[in-house]
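# Examining the three-dimensional arrangement
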Amino acid sequence: MRLIGMLDSPFVRRVAVSCKFMGLPFSHESLSVFRDFDTFASINPAVKAPTLVTDDGVVLMDSSLILDYLERLVAPDLRLTPTDIGEYARSLRIVGLALVAAEKAVQVYYELNKRPEEKRHQPWLDRVDGQLHAAYRALEDEIGSGDGWLFGAKPLQADITTAVAWRFAKDALPEFLHADRYPRLAAFAERAEALPPFRDTPAE
């Protein structure tokens, strides 16, 4: 399999880290949707990161859809979603919150770094920033005060996506996201980043 996209994207990185937790071999092609647009388009004309090319040559996109496909390639004990329906629903809630946080962090980053200051729309920026922090407050509550993982002895998708989203926002928006506002979340992400699948997949 080929994973296309840069690891500075939390969406690409969550797929790469998940593959390593599931023991799925893949090659990574670090193509930018900006600098390498034409090369990326030759693989996926929609130019969406992440893109996954399966061993059969099927081109998939969207991190959640890719991960749904990958879960079907491994044995049940290697999957990253809980089997209990109640825990599965909670897992989906946590992943959803983390994806909102990642999406809003990307929007704030581009607004601050790509748009000229005189063209920024402050009410929109304030609203997105509010959504970003609302998601992280909810994640802080979900993590609780323990030092384990969200659903037992090993990290699952909810853990991975939460940690990846935090790392991206912390690095991309240091002036917006302070660890002392979310101490449990910061400590949780730090523990995750110390694990080999995270260490071997550094954010670019």
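Residues numbered from 1 in each chain as written. Predicted model: local features only at pLDDT ≥ 70, side-chain atom pairs only at ≥ 80, totals over all residues. Heavy atoms only, no water.

### Observations concerning the packing of helix α4 (residues 85-113) against helix α5 (residues 122-143)
The N-to-C vectors of α4 and α5 enclose an angle of 150 degrees; their axes lie 9 Å apart at closest approach. In terms of orientation, α4 and α5 fall into the roughly antiparallel class. Our pair here, α4 against α5, has a crossing hand that is left-handed. Residue composition of the contact of α4 with α5, by class: 16 nonpolar, two polar and six charged. (Axes fitted to C-alpha atoms, helices over the stretch in contact; angles between N-to-C directions. Helix = DSSP H or I, 4+ residues; strand = E, 2+ residues; numbered from the N terminus. Parallel < 35°, antiparallel > 145°, perpendicular 65-115°, else oblique. Left-handed = near helix turned anticlockwise from the far one by under 90°. Nonpolar A, V, L, I, M, F, W, Y, C, P; charged D, E, K, R; others polar.)

### Things to note about the packing of α5 against helix α7 (residues 183-193)
Where α5 meets α7, the closest approach of the two axes is 8 Å, and the angle between their N-to-C directions is 70 degrees. Relative to α7, α5 is oriented roughly perpendicular. Contact residues: α5 offers Tyr136, Leu139, Glu140, Asp141 and Ile143, while α7 offers Pro183, Arg184, Leu185 and Phe188. Looking at the contact of α5 with α7, its residues break down into six nonpolar, no polar and three charged. (Contact = heavy atoms within 4.5 Å.)

### Observations regarding the domain arrangement of the chain
For the chain, the assigned domains are domain 1 (2-73) and domain 2 (85-195). Once you take the C-alpha centre of each, domain 1 and domain 2 turn out to be 21 Å apart. In this assembly, eleven residues from domain 1 lie in contact with 15 residues from domain 2. In this assembly, domain 1 packs against domain 2 so that about 1,100 Å² is buried in total across both faces, 69% of it on carbon and sulfur atoms. (Domains from an automatic or database assignment. Buried area = accessible area lost by both parts, 1.4 Å probe.)

### Observations regarding the pattern of salt bridges
Under the definition given, this model contains ten salt bridges. The closest approach of N and O atoms between Arg90 and Glu142, which form a salt bridge, is 2.9 Å. Here Arg90, found in helix α4, pairs with Glu142, found in helix α5; they are 52 residues apart in sequence, far enough to count as distant. Residue classification places Arg90 among the partly exposed positions, given a relative accessible area of 29%. Relative accessible area serves as the criterion here: at 17%, Glu142 is assigned to the buried category. Salt bridges sharing common partners tie together Arg13, Arg167, Lys170, Asp171 and Glu193. (Salt bridge = Lys/Arg side-chain N within 4 Å of Asp/Glu carboxyl O. Buried < 20%, exposed > 50% of the residue type's maximum accessible area, 1.4 Å probe, protein only.)

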